[in-house]
Amino acid sequence: MELLQLQYFFESAKSESFAKTAEAHLVPTSSVSGAVRRLEGELGCKLFDRTANRIILNSNGKRMYESLEIIFNELKGAVSELSTDSEDTREIKMLVRAMRSDITNTIIEYKAKFPRAKFKISFDFTERDFEKYDIIIDERSNTYPKHESFELYRMKLCMTVHANSPLVTKHLHLKELESESFVSLGEQSNMHRILIKACKQAGFIPEIAILCNDIKCYERLIESGMGIGLERKRKDTARKIRYLNVMDFDEEYTVFAYYKQNAYYGNVGHFLDFLRNKSLS
């Protein structure tokens, strides 16, 4: 019985997929399934019920999984105590779904201070395999039940327009913006979801003139007068935008860092501590 066999089984049991385990370890699916079959042979019992399209953890497998969960957590705890940051060569695997520009700048700053650190980063809003990430940056959510979390930033959201818009001088209700055009970040973004929800609550569906996934282009479009945008309030007076006084729009946006507790050591733990101690205002 080899450690790799146990690890392949454990990860496959968690996802109920040999393919996902193989992808994470960069090996063929047959290598994972073969290792698990050899483990079953050594144990003298089946750990999965297999169908043509999937594997399902059976009672034997559940007992094995629960035991290994304790063992692997203890093992990772020991590694955490014995490892130093400088010795840890793991990639920091991150899924970034909020504050993408700010987090990118933070990673660049961290990398400048600690050049040996390695990152593997995804900005994918459609990702559903959260287990392969050490850290996830997203709004407050129940989507990541297997991750611990801490609040990273809480921001006040405001409607924004170009500086010369006649709307700047008015006291508005959100309904009064029904005939206006809006510029929004991509349909999968949190800001887009908040904008649509707020407008629907006010009794209308906003006219989205432009959808833009690039934050710099998004800001330039608003500055040029292409439509009303939504962003966190900042003290950047150099930009050619103004915040609207929308009296019935009172939205906050809270961003969390979600992380795997058993990965909180070495490079990952050090970067998480860096995030905790850094203001992303």
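Residues numbered from 1 in each chain as written. Predicted model: local features only at pLDDT ≥ 70, side-chain atom pairs only at ≥ 80, totals over all residues. Heavy atoms only, no water.

Visitor: Outline the environment of Phe130, supporting the account with residue identities and numerical values.
Guide: With respect to the helices and strands, Phe130 occurs in the loop between β4 (118-122) and β5 (135-139). The spacing of Phe130 and Ala52 is 78 residues in sequence and 25 Å in space, taken between C-alpha atoms. (Helix = DSSP H or I, 4+ residues; strand = E, 2+ residues; numbered from the N terminus.)

Visitor: Residues and numbers for the pattern of salt bridges, please.
Guide: If you walk through the whole model with that rule in mind, you get 12 salt bridges. Here Glu40 makes a salt bridge to Arg50, at a shortest N to O gap of 3.0 Å. Of this pair, Glu40 sits in helix α3 (residues 29-43) while Arg50 sits in strand β1 (residues 48-50), and the two are 10 residues apart along the sequence. The exposure class of Glu40 is buried, given its relative accessible area of 4%. On the basis of relative accessible area, Arg50 is assigned to the partly exposed category, the value being 29%. As a salt-bridge pair, Lys113 and Glu109 come within 3.7 Å of each other at their nearest N and O atoms. In this pair, Lys113 and Glu109 both sit in helix α5 (residues 100-113), four residues apart, roughly one turn of the helix. A residue is classified by how much of its surface remains accessible, and Lys113, at 52% relative accessible area, is exposed. For Glu109, a relative accessible area of 28% translates into the label partly exposed. (Salt bridge = Lys/Arg side-chain N within 4 Å of Asp/Glu carboxyl O. Buried < 20%, exposed > 50% of the residue type's maximum accessible area, 1.4 Å probe, protein only.)

Visitor: Tell me about unusual backbone geometry, and please be specific about residues and values.
Guide: Residue Glu16 is not a glycine yet carries a positive backbone phi of 50°. Classification of Glu16 by relative accessible area gives partly exposed; the value is 28%.

Visitor: Give a detailed account of helix α6 (residues 190-201), specifying residues and quantitative values.
Guide: Its 12 residues give α6 an end-to-end C-alpha distance of 17 Å, which sits within 8% of 16 Å, the value for a rise of 1.5 Å per residue. Inspection of α6 places Asn190, Met191, His192, Ile194, Leu195, Ile196, Ala198 and Cys199 among the buried residues, and these make up the whole buried set. Residues of α6 that are buried sit in contact with β5, β6 (148-162), β8 (181-185), β9 (207-212), β10 (229-232) and β13 (252-259). Note on α6: the residue one or two positions beyond its end, Gly203, has a positive phi of about 105°. (Expected span 1.5 Å × (residues − 1). Contact = heavy atoms within 4.5 Å.)

Visitor: Residue-level account of the state of the cysteines, with values.
Guide: Under the counting rule described, the total for this entry stands at zero disulfides. Free cysteine Cys212: the closest other cysteine sulfur is in Cys217, separated by 4.9 Å. (Disulfide = S-S within 2.5 Å.)

Visitor: Outline the pairing of β5, listing residues and values.
Guide: With five of five residues buried, β5 is to be regarded as a mostly interior element. Bridge count between strand β3 (residues 91-96) and β5: three bridges; the pairing is parallel. The residue of β5 that forms the bridge with Leu95 is Ile136. Here five bridges tie β5 to β13, and the two strands are oriented antiparallel to one another. Bridging from a neighbouring strand, Glu139 pairs with Val255 of β13. (Pairing = 2+ DSSP bridges.)

Visitor: Lay out the packing of aromatic side chains with the relevant residues and their values.
Guide: Summed over the entire model, instances satisfying the criterion amount to 15 aromatic pairs. Ring centres of Phe10 and Phe72 lie 5.1 Å apart, and the angle between their planes is 70°; on these two criteria the pair is classed as edge-to-face. One end of the pair, Phe10, is in helix α1 (residues 3-15); the other, Phe72, is in helix α4 (residues 59-82), and 62 residues separate them in sequence. You can call Phe72 buried: its relative accessible area is 8%. Here the aromatic rings of Phe271 and Phe274 are separated by 6.4 Å at their centres, their planes lie at 20°, and the arrangement is stacked. A residue pair is termed a helical-turn pair when its members lie 3 or 4 positions apart in one helix, as Phe271 and Phe274 do in helix α8 (residues 266-277) at three residues. What makes Phe271 buried here is its relative accessible area of 0%. Relative accessible area serves as the criterion here: at 15%, Phe274 is assigned to the buried category. An aromatic cluster of three or more residues is present, and its members are Tyr110, Phe114, Phe119, Phe271 and Phe274. Above the face of the Phe150 ring, Arg276 is positioned so that its terminal group lies 4.0 Å from the ring centre. (Phe/Tyr/Trp six-rings, centres within 6.5 Å; stacked < 30°, edge-to-face > 60°. Lys NZ or Arg CZ within 6 Å of the ring centre and 35° of its normal.)

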